[in-house]
Amino acid sequence: MVREARKEELNDLLELYLNLHEDSIPEHDEHLKDTWDQIINDKNHHLIVNEIDGKIVSSCVCVIIPNLTRNVRPYAFVENVVTHADYRKKGYAKECLDHAKSIAIKENCYKMMLLTGSKKPETLRFYENAGYNSSDKTAFIQWI
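Per chain, residue numbering runs from 1 following the sequence as it is written. At least 70 in pLDDT is required for a residue's local features to be given in this predicted model, at least 80 for side-chain atom pairs to be given and counted, and no such filter applies to totals for whole chains, interfaces and linings, which use all residues. Excluding hydrogens and water, the side-chain figures rest on all heavy atoms present in the structure.

Chemist: Looking at this model, I keep getting lost on the environment of His28. Mind explaining?
Modeler: Within the secondary structure layout, His28 lies in the loop between α1 (10–16) and α2 (30–41). Of the residues examined, His28 reaches a relative accessible area of 52% and is grouped as exposed. For the pair His28 and Asn11, spaced 17 residues apart in sequence, the C-alpha separation works out to 9.5 Å. Only heavy atoms matter for contacts: two residues are in contact if any of them lie within 4.5 Å across the pair. Those residues in contact with His28 that sit more than four places away from it in its chain are Leu10, Asn11 and Leu14. In protein, a polar contact requires one atom able to donate a hydrogen and another able to accept it; more generally it is a pair of N or O atoms within 3.5 Å, and residues adjacent in sequence count only if both atoms are side-chain atoms. Of the polar contacts made by the side chain of His28, one reaches the side chain of Asn11; its length is 2.9 Å. Labels follow the DSSP assignment, with helices taken as runs of H or I lasting at least four residues and strands as runs of E lasting at least two, numbered in each case from the N terminus. Classification of residues uses two cut-offs on accessible area relative to the type maximum, computed with a 1.4 Å probe and protein chains only: under 20% is buried, over 50% is exposed, and between them is partly exposed.

Chemist: Help me out: how do you make sense of the pairing of strand β3 (residues 55–65) in this one?
Modeler: Where a strand is regular, its side chains alternate between the two sheet faces. By the criterion of burial, β3 is predominantly enclosed, with eight of the 11 residues buried. The pairing of strand β2 (residues 45–52) with β3 spans eight bridges and is classified as antiparallel. Counterpart to Asn50 in the pairing with β3 is Ser58. Counted along the chain from β2 to the antiparallel partner β3, the turn is two residues long, and its residue Asp53 has a positive phi close to 50 degrees. Note on pairing: two strands pair once DSSP finds at least 2 bridges between them. Pairing of β3 with strand β4 (residues 75–83), which is carried by seven bridges, proceeds in the antiparallel orientation. Bridge assignment links Val61 to a residue of β4, and that residue is Glu79.

This is a description of form; function is not addressed.
Laid out in structure tokens, this is it:
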């Protein structure tokens, strides 16, 4: 079942993120609590999860960004696409991305953007099959 995350699911998400690029769960301190509260209470921040048999197995984030161009239409940014290693290649992440797209359409976004650090052909193919392309724009990253 694809839906938005609930406040009480922080620990489940942090566990899932160990399948992304994290190597440990952050300390449960005030900074983590404040960040989680900010995310979960932001109407433009959609933390989408796919739950199978009571377990969150896949997720992505879709942030709607207000914009003054393109006839004052917002755009969507997708990040942190992840599926637990035991549940990959079953379409769960695609369902999350489809849910993100439905949110973007509902919010009248004119585009969706997604960045990946992966160079694996199968990962790039996955995003292309989900409707994204790598030819329209050039992404630049500055790490801070």
